[in-house]
Amino acid sequence: MTSRMLAPHTTCPGCQEEVFLDELVRGRCPLCGCTLEDFVDQAGDMDEMIERSDFSWLVFNYFLFKKFDELGASPLQVMQLIAGLDECCLNPVAGEFPRTKFEFGLPMNLSDRVRPKKCSRCGKFFFRGGGKVLSGDLTSPEFEISYICSRDH
C-alpha cells in the first residue's frame, strides 16, 4: 500500500479523479479518456531519476564505502564524496566533471606510531605526532598513503 501511495500520480483535468501515471492508457485517463500528454512527459523525467538509483549504483556506493571504511577513513567524509558523485551524475553541468579526487585523514595504527615517518610536505623525518593521509583519484585504482608532521598538520 505504501509503495502505491508514493507512485507518481496526478488529478485528471477531465473527470477530476486521482489517476496514477502507470495506469494511463496511451496517455489518456482510463476513466474519461482525457489526454494527459503533458503529465506523461513529466513521468518520463521521473523514470530517468529512478534509473540512476538502480541496483548497480547502490552496489558501487556500498563497495566504495566499504573499501574506505576498511582503510579507516571517516564515514562522514566518505559519504560526502559519494553524495558529490551522486549530485554530479544526477544533475550534470556542461563542461564540469564529477569530483573524483579524495583526501581522507586516517588513524595511525601501532606500527605507524613506532616507526619513523617522512613528512610529505616538508620532507623531514618525525617519530611522534602528525597525521596519516589517504589520497588518490577514483578514476585510477592506485591510492597513496602519506604522513604529515605536526608542523604542517
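Structure shown above.
Residues numbered from 1 in each chain as written. Predicted model: local features only at pLDDT ≥ 70, side-chain atom pairs only at ≥ 80, totals over all residues. Heavy atoms only, no water.

1. What about helix 3 (residues 55-71)?
With 17 residues, helix 3 ought to run about 24 Å at 1.5 Å a step, and its terminal C-alpha atoms sit 25 Å apart, in line with that. Buried residues of helix 3: Trp57, Asn61, Leu64 and Phe68, and no others. Burial along helix 3 is one-sided: seen end-on, the buried residues are contained in an arc of 70°. Across from the buried face of helix 3, at angles greater than 90 degrees, the exposed residues are Phe55 and Glu70. (Helix = DSSP H or I, 4+ residues; strand = E, 2+ residues; numbered from the N terminus. Expected span 1.5 Å × (residues − 1). Buried < 20%, exposed > 50% of the residue type's maximum accessible area, 1.4 Å probe, protein only. Arc of directions from axis to C-beta.)

2. Here we look at the pattern of salt bridges
Under the criterion given, the structure shown has 3 salt bridges. One salt bridge in this structure joins lysine 66 and glutamate 70, with 3.7 Å as the shortest N-O distance. In this pair, lysine 66 and glutamate 70 both sit in helix 3, 4 residues apart, roughly one turn of the helix. Residues arginine 115 and aspartate 112 are paired through a salt bridge, measuring 3.2 Å at the closest nitrogen-oxygen approach. Via salt bridges that share partners, Asp112, Arg115 and Lys132 belong to a single interconnected network. (Salt bridge = Lys/Arg side-chain N within 4 Å of Asp/Glu carboxyl O.)

3. What about the nonpolar core?
Residues Leu64, Phe68, Ala73, Val78, Leu81, Ile82, Leu85, Phe102, Phe104, Leu106 and Leu134 constitute the largest nonpolar core, which totals 11 residues. Every element with two or more residues in this core is listed here: helix 3, helix 4 (75-90) and strand 3 (101-106). Top contributing element to this core by residue count: helix 4, with 4 residues. Once residues within four sequence positions are removed from consideration, isoleucine 82 is found in contact with Asn61, Leu64 and Phe65. Formed by 7 residues, the second largest nonpolar core is a distinct cluster that contains Met108, Cys119, Val133 and Cys149. (Core = buried A, V, L, I, M, F, W, Y, C linked by side-chain atoms within 4.5 Å. Contact = heavy atoms within 4.5 Å.)

4. Focus: the side chain of asparagine 61
On the secondary structure map, asparagine 61 appears in helix 3. Classification of asparagine 61 by relative accessible area gives buried; the value is 12%. With sequence-adjacent residues up to four places away left out, asparagine 61 is seen in contact with Ile82 and Asp86.

5. Points about the sheet that holds strand 7 (residues 143-148)
Read across the sheet, 3 strands follow the order 3-6-7 without closing on themselves; strand pairing throughout is antiparallel. Pairing within the sheet leaves two strands with one partner each, and these edge strands are strand 3 and strand 7. Each neighbouring strand pair of the sheet contributes to a mean axis angle of 25°, computed without reference to strand direction. Both strand 3 and strand 6 (residues 131-137) contribute to a ladder of 6 bridges, which runs antiparallel. (Pairing = 2+ DSSP bridges. Axes fitted to C-alpha atoms, helices over the stretch in contact; angles between N-to-C directions.)

6. Describing the packing of aromatic side chains
For the structure on display, the rule yields 4 aromatic pairs. Where tyrosine 62 meets phenylalanine 63, the ring centres are 5.0 Å apart and the plane angle is 70°; that geometry is what we call edge-to-face. Relative accessible area serves as the criterion here: at 47%, tyrosine 62 is assigned to the partly exposed category. Classification of phenylalanine 63 by relative accessible area gives partly exposed; the value is 48%. (Phe/Tyr/Trp six-rings, centres within 6.5 Å; stacked < 30°, edge-to-face > 60°.)

Without other data, these values stay purely geometric and don't point to any function.
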